[in-house]
Structure formats: C-alpha cells, structure tokens
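# Notes for the structure review
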Amino acid sequence: MSLVAQLQAALGADAVLIAQADVAGHVQDWRGRYRGPAACVVLPSSTRQVAAAVRIAGQLRVPVLAQGGNTSLCGGAVPWPDGAAPMLLNLARMRSVRSIDAANNSMEVDAGCVLASVQQAARERQRLYPVSLGAEGSCQIGGTIATNAGGTGVLRYGTTRENVLGLEVVLPDGQIWNGLYRLRKNNTGLDLKHLFIGSEGTLGVITAASLKLHPLPTAQAVAWLAVASPRAALQMLDLCQTRYGASLAAFEMMNGLQLRNVLEHVPGRRPPLPAAYDWHLLVELADTRAEPALTAALEEVLLQGLAQDLVLDASLATSGAQRAALWAVRHSVSEANKKAGIGWTTDCAVPVSAVPEFIARATRAVHRTLPGLPIAIVAHLGDGNVHFIPLLSFGQWNALAHGPATAHAVQHAIHEVAHALGGSFSAEHGIGQLLTQEMALFKPAVEIDMMRGIKGLLDPHQLFNPGRLLPATPHRPKGV
Ligand code: FAD
C-alpha cells in the first residue's frame, strides 16, 4: 500500500490532506521565501496517531517534517525544494490543555496548543507562562520548544528551555517517550528533554510538554523612552536593573527607522514618541506590588535618566490600554518589515555589554558593501539579542544584481562581527534551512560531531527533517 493509503487506513481519511488547495498553506513559509512539495499533510489527533504515522513513514523510508504554526523565520517548517518529498505532520489538532497544577506551578499541554492559548489558560489560574513573542497568536508550543524560542520575557524568565519541565516525544522509530516530569529537581542522569529543545524536528516529534509556571504579576508599569544611543540605552538598563532587580520584566530597543516602518505599514499603531528620535526603548516592570507604586517607581528612574541626559523623552503608560498599545508597536516589527521591503534579517546574540560595539561594527560591515543602506534594528537589549536588518525597498531589491548572493555575503559579514565579539549568529530563531552553512563555519567541529552522533543514534536512517540544522558536509572551522 502507498504511504497515503496506509496513513488513511491508520488515522482516517480526514487526517490526511493531499489536495493542492488543502496542502498549499503548509508548504510555504510565513514570508513566502521558502516552499517545497510534501508527499501529504497529516493532521494527527493524538500521540498514538503521531506514532502510527511515524512508523508508517519509517517503514517506507519517507522523510518526516514536523510542523507547528509555520512561523519559522528561517524556513524550518516547510519542505525542501528538492529531494524526497516529506510526510508533513502538523499538530494543529492536538491542542488540549491536559492539566494545570497551580500548587506545583506547572501545566501539561498538547504540543499543538497555540502559545497565546497556553498563556491564557495559565492566566485563568493566576499563573504566568512567560514565553512571549510576536507570533504567539499562531506559533505552537511544540514549535517554540523545537526552536527554543526566546522573545521579550527572556531577561526575567529565560528562554523556552528554562520554562520546560518535561516532554513527551515520538522518536523516529515510533516509540513514545513519556518524559512529562513536573519536577524542579531530578538528578537521575542525563536530562534528555534538553536534547529535543532546540532540535528543530531533527530528533523526534514533540507531542506534549510539561511547562513551568510563575506567579502572575498583578501590576505592570510600561514606558516608552527615547535615548541618544545604544550606549545610553545600556546605561539605562544598568540603572533599571540596579533599582528594580527581578521586577524588570522587559527591556527592548529599536531604532528610529524600525519605529517609522511600524507606523507606516501597520494600521492602527500610534507613535509613542516622535519617530525622529534615533533610539527608542520599551521598558516594563512587573510585580505583585500595587500598580500606582510600580508606576511611581518607574517614573523615578525615568526622571533619573532625564537628569543624567541618558533619556531624551519619555512616555509612561497610564492604563492597561496604553500599555497594550505600546507593546503592539513592539510586536508589529516583523509584519511592518515584511511590508516595507526585503529585510535581510539577522538574529545575533552578543554579550549585553558588547551591543553598542556590535551595532557600530555591523553597520560599517554592511555599508562597505552597500553604502548608506537603511538598517532596521530591533533588540531584546536586556539579553543581548539584536535583530540587525538591512532593509531594501522592493525597487532596490529588483534592481540589485546578484541579490541572493549579496544578501548572503552581507548577512555573513554581520555574523562575523557577532562571532568576533564572542557572540552567536542565531540567538532565538534557530537554523532551519537558512543557516546550515553558517553552522559549518562558526560552530566548533567537535560540537557538530557530537550533534551528528546523537542524530545517528536516534534517527539512523536520517529521515527526520533532513538537511536542516546540521550542515550537509562535515567541516572543520579554521583553528578548531
Ligand atoms: P514552526 O515554524 O512550525 O516550526 C519551527 C521548527 O520547529 C521546524 O524545524 C519544525 O520542524 C519544528 N517543529 C515544529 N513543531 C514541532 C514539534 N511538535 N515537534 C518537533 N519539531 C517541531 N522567535 C523567537 O524566538 N522570538 C521572537 O521574538 C520571535 N518573533 C517572531 C515574530 C513573528 C511575527 C514571526 C512570524 C516569528 C517570530 N519568531 C520569533 C519565530 C517563530 O515564531 C518561532 O521560532 C516559533 O517558536 C516557531 O513556532 P511554530 O509553531 O510556528 O514552529
């Protein structure tokens, strides 16, 4: 029997999509940059169905591509354009919140739950699931775990990795690993969940997760600040951290061009401050103190910043609606850049103290190739993650000779700058199909070898998301 016939027999005909119109939305990425054919799209309703589908694909040696909300920014969740078309497993039907244990500050969810619905379910029990990002209305918990997503809460709560207590995974041989622990302490050898967090679908299909919850802050204070430079922004970060400690929940930065893009391209976004300022900060305090006390505390440090000439202008939200409006501006950057033109997005991490140096050197590197090219910059400054985005209008892109090669060279030059400063060329978006060659160039050979060894052990037939994450050929970076 064919793959499709076997899958239909095992899972039911309505769980296997083959019609072009049904499959179309799954085989192209969010920005329309990557697409490729799928043998079929499978929509399992349970872990057992995932295991059954994986076993069938394994017997027929058909590659398996797990897909969540398909919001990957590096082509991670769509089929490759050549080679064997994969069975695409989308977990959208697996979206139950299995349980919430408020006393243990944990919840167990199906991997197909949309991130925003998990946040909401936790909120209803006065708890916080702190991973938050612009795609939270579409991305799935399984996808955020497979990519170890970051977002705006990392400064205080860490990345997804720090917020996962346990996992359930279907392994490439079809076995189900139930590792849904709810423990903070468990020193019984290797903590295997960490193999799958950030593995981008190359080692198994994550079908459920046990997540760490936190007390729900009862009060927030949010301000938008204009500052003169990234260095002044760092000084403000230092002031805020010294003054508020763990109450500092977010510290985001963008340049004036990025803010102007949002205001121009995303309807309904209002300027918190004049976009003519060169650098902007979004600062949030969150706490269980009463709201007026928190707002007063934020005001105090803003005044200190103004007195020290670090802050040029500030706008303090005075209502929940105003706070939401400020965050809406921040969460609209990807949508705005998509409409503004072709952005050569990069996602670098450097030590927080090196962010100003990174921005200065990366700007020079870009302008050596394309003098004066506009660069949108948006950073999770509190954790040293800078999205440094040379941005071409559609007209500039069409007129550019050797566009893809130039884009690659410019992005590589930016990655070189991050590497030289002790940083990473992929902070939170992952590798996907976009950055496998950068893995070969920047990742130490011994790390690649270990990753290949683990892959070979779990997926000896190399069926799970082949061609992603790991470079195609072994490579020894210079001097390693
Ligand atoms: P997909 O895109 O479907 O898949 C991503 C990868 O995970 C693929 O390799 C896929 O094979 C694998 N995968 C998916 N589900 C599973 C599963 N159940 N088991 C095993 N493997 C699986 N990312 C950030 O980190 N921080 C941000 O601030 C951020 N902002 C964003 C804003 C916008 C507007 C957009 C479009 C994206 C943003 N992203 C951000 C990137 C993206 O949202 C995240 O990488 C997200 O975690 C991907 O989740 P997803 O469910 O869409 O996964």
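Residues numbered from 1 in each chain as written. Predicted model: local features only at pLDDT ≥ 70, side-chain atom pairs only at ≥ 80, totals over all residues.

Looking at an unreviewed UniProt entry, one finds the protein named FAD-binding oxidoreductase and attributed to Verminephrobacter aporrectodeae subsp. tuberculatae. Under the Sequence similarities (unreviewed entry) heading, UniProt states for the protein: "Belongs to the FAD-binding oxidoreductase/transferase type 4 family." (UniProt positions renumbered as here; feature names shortened; annotations may be inferred.)

## Here's the deal with the UniProt feature "domain: FAD-binding PCMH-type" (unreviewed entry) in the protein
When the UniProt feature table is mapped onto this chain, "domain: FAD-binding PCMH-type" (unreviewed entry) is found at residues 34-216. Between the end C-alpha atoms of residues 34-216 there is a gap of 39 Å, over a span that is 20% helix and 24% strand. (Helix = DSSP H or I, 4+ residues; strand = E, 2+ residues; numbered from the N terminus.)

## Examining the domain arrangement of the protein
By domain assignment, the protein separates into domain 1 (3-90), domain 2 (97-215), domain 3 (219-334) and domain 4 (341-464). Facing the 12 residues of domain 1 at the interface are 11 residues of domain 4. Class assignment for the residues of the side of domain 1 that touches domain 4 results in seven nonpolar, four polar and one charged. (Domains from an automatic or database assignment. Contact = placed C-beta atoms within 7 Å. Nonpolar A, V, L, I, M, F, W, Y, C, P; charged D, E, K, R; others polar.)

## A short note on helix α12 (residues 333-340)
Among all positions in α12, only Val333, Ser334, Ala336, Asn337 and Ala340 are buried. All buried residues of α12 project into a common sector of 160° when viewed along the axis, lining one side. Its buried side turned inward, α12 meets β13 (248-255), α9 (256-265), α11 (320-331), β16 (342-343), β18 (375-380) and β19 (385-392). (Buried ≥ 20, exposed ≤ 12 C-beta atoms within 10 Å, placed from the backbone. Arc of directions from axis to C-beta.)

## Here's the deal with the sheet that holds strand β9 (residues 176-179)
Strand order in this open sheet of five strands is β5-β6-β10-β8-β9, and the pairing throughout is antiparallel. Unpaired on one side and paired on the other, β5 (97-101) and β9 mark the two borders of the sheet. Across the sheet, the mean angle from the axis of one strand to that of its neighbour is 10°, orientation sign disregarded. In terms of strand pairing, strand β6 (residues 106-110) meets strand β10 (residues 205-212) through five bridges, oriented antiparallel. Bridge pairing links aspartate 110 to alanine 208 in β10. (Pairing = 2+ DSSP bridges. Axes fitted to C-alpha atoms, helices over the stretch in contact; angles between N-to-C directions.)

## Quick look at the sheet that holds strand β3 (residues 64-67)
The four strands lie next to each other as β1-β2-β4-β3, forming an open sheet whose pairing is mixed. Edge strands, defined here as strands with exactly one partner in the open sheet, are β1 (16-17) and β3. Across the sheet, helix α3 (residues 47-59) is in contact with β2 (40-42), β3 and β4 (87-90); its angle to β4 comes to roughly 170°.

## Here we look at the nonpolar core
One finds Leu225, Val227, Ala233, Met236, Cys348, Phe358 and Ile377 to be the most contacted residues of the largest nonpolar core, which totals 79 residues. The element contributing the most residues to this core is strand β12 (residues 219-227), with seven residues. Each residue touching alanine 233, except ones within four places of it in the same chain, is listed here: Val227, Met253, Trp279, Leu281 and Leu381. Grouped together as the second largest cluster of nonpolar side chains are 62 residues, Cys40, Ala53, Ala77 and Val109 included. (Core = buried A, V, L, I, M, F, W, Y, C linked by C-beta atoms within 7 Å.)

## Some points on the site of the ligand
Looking at the ligand, there are 36 residues lining it, with Gly68, Gly134, Gly142, Gly143 and Gly201 nearest. Those elements giving two or more residues to the shell around the ligand turn out to be β3, α5 (141-146) and β10. Among the elements that make up the shell around the ligand, the one with the highest residue count is α5 (four residues). Split into classes, the residues belonging to the shell around the ligand amount to 14 nonpolar, 19 polar and three charged. When residues of the shell around the ligand are sorted by domain, at least three fall in each of domain 1 (3-90) and domain 2 (97-215). (Near = placed C-beta within 6 Å.)

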